[in-house]
Amino acid sequence: DGDDACANCGKLGSDAVKLKNCTACRLVKYCGVDCQRAHRKEHKKACKQRAAELKDEQLYSQGQERPEGDYCPICTLPIPFRMDDHSTFNVCCMKRICNGCNVAAQKRGMDDCAFCRTHYPDKDADALAMIQARVGKNDPVAIYYLGGKYFHGRLGLQKDARKAFELWTEAAELGSINALFDLGNAYRQGYGVQQDMAKAAQFYSNAAMQGHAESRYNLGCIEEHIMENHDRAVRHFLISAKMGHNDPVESIKRFFRAGFATKEQYAEALKGYQDAVEEMKSPQRDEAMRLGHLGKK
């Protein structure tokens, strides 16, 4: 059986001879490093092709569900996009609360944070102190959020794209998916770092495989506008649309009219989007919309 033999010398695997897969493609096995090196030239083309296929399988199969941070911790429903328009981010507990739960709390006479009951900071300095306290404890959400304040120059901080980039890098290393997204944005637009579309795509990919819908959409845009690969773009747009992001639905609609997407793909995107939107609804959120509630910032 060739699967149990060294691809270079043909030596069979046994208790004495432990064969190891090529880590890149996993198509062949070797009895040792010397055989792997000797076989490299012959194997290189097939290895590269299969490695790319495996990477694609991972990219398109993972990240079908939105991450935990996209869900309101009180009602446990996913928050509609754009999340800033439908929720409040509270610096006291680093939790994003949907407008529906904020309205429900206010109706019960609660003026403090609906999640942790902490009083909202009255001044920028107080809010910044809360954030920095969490940063001091290596909270990736707080580190990411502080990066955003440096990027936009808020809470009394001077605009500093480079500092924002450094904080987002630290947050990403600690597990922040949103930081991966903003690092992708930084490389795509050249904010605080030299523009590099390949690095932007890598950060977007890492975030997309963890369920970040906007990163997935941006990957589709890169495939469309830079790589000019409409089939790959549609695959990204479909995943993002099914998580409730409207922009990819419009992109697929445009593709359909231009002949780059099928009628079935457009119907799939539209239905997936509508199902996701329906899943995000609640009476409290409907009431918040009627009241024009934008939440506390």
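Residues numbered from 1 in each chain as written. Predicted model: local features only at pLDDT ≥ 70, side-chain atom pairs only at ≥ 80, totals over all residues. Heavy atoms only, no water.

If you look the protein up in an unreviewed UniProt entry, it shows as MYND-type domain-containing protein from Thalassiosira oceanica. In its Sequence similarities (unreviewed entry) section, the UniProt entry covering the protein states "Belongs to the sel-1 family." (UniProt positions renumbered as here; feature names shortened; annotations may be inferred.)

The next point concerns helix 12 (residues 246-258). For helix 12, with 13 residues, the first-to-last C-alpha span of 19 Å sits near the 18 Å given by 1.5 Å per residue. Listed in full, the buried residues belonging to helix 12 are Pro248, Val249, Ser251, Ile252 and Phe255. With its buried residues spanning 160° around the axis, helix 12 presents them on a single face. Lining the buried residues of helix 12 we find helix 10 (213-225), helix 11 (230-241) and helix 13 (263-279). (Helix = DSSP H or I, 4+ residues; strand = E, 2+ residues; numbered from the N terminus. Expected span 1.5 Å × (residues − 1). Buried < 20%, exposed > 50% of the residue type's maximum accessible area, 1.4 Å probe, protein only. Arc of directions from axis to C-beta. Contact = heavy atoms within 4.5 Å.)

Per the counting criterion, the structure on display carries 10 aromatic pairs. For the pair Phe181 and Tyr204, a centre-to-centre distance of 6.0 Å together with 40° between the ring planes defines the contact as tilted. Of this pair, Phe181 sits in helix 8 (residues 177-189) while Tyr204 sits in helix 9 (residues 197-208); the two residues are 23 residues apart in sequence, bridging distant segments of the chain. With relative accessibility at 0%, the residue Tyr204 sits in the buried group. Ring centres of Tyr187 and Phe203 lie 5.7 Å apart, and the angle between their planes is 10°; this geometry places the pair in the stacked category. Of the two residues, Tyr187 is situated in helix 8 and Phe203 in helix 9; the sequence distance between them amounts to 16 residues. Looking at Tyr187, the relative accessible area reads 11%, which means it is buried. (Phe/Tyr/Trp six-rings, centres within 6.5 Å; stacked < 30°, edge-to-face > 60°.)

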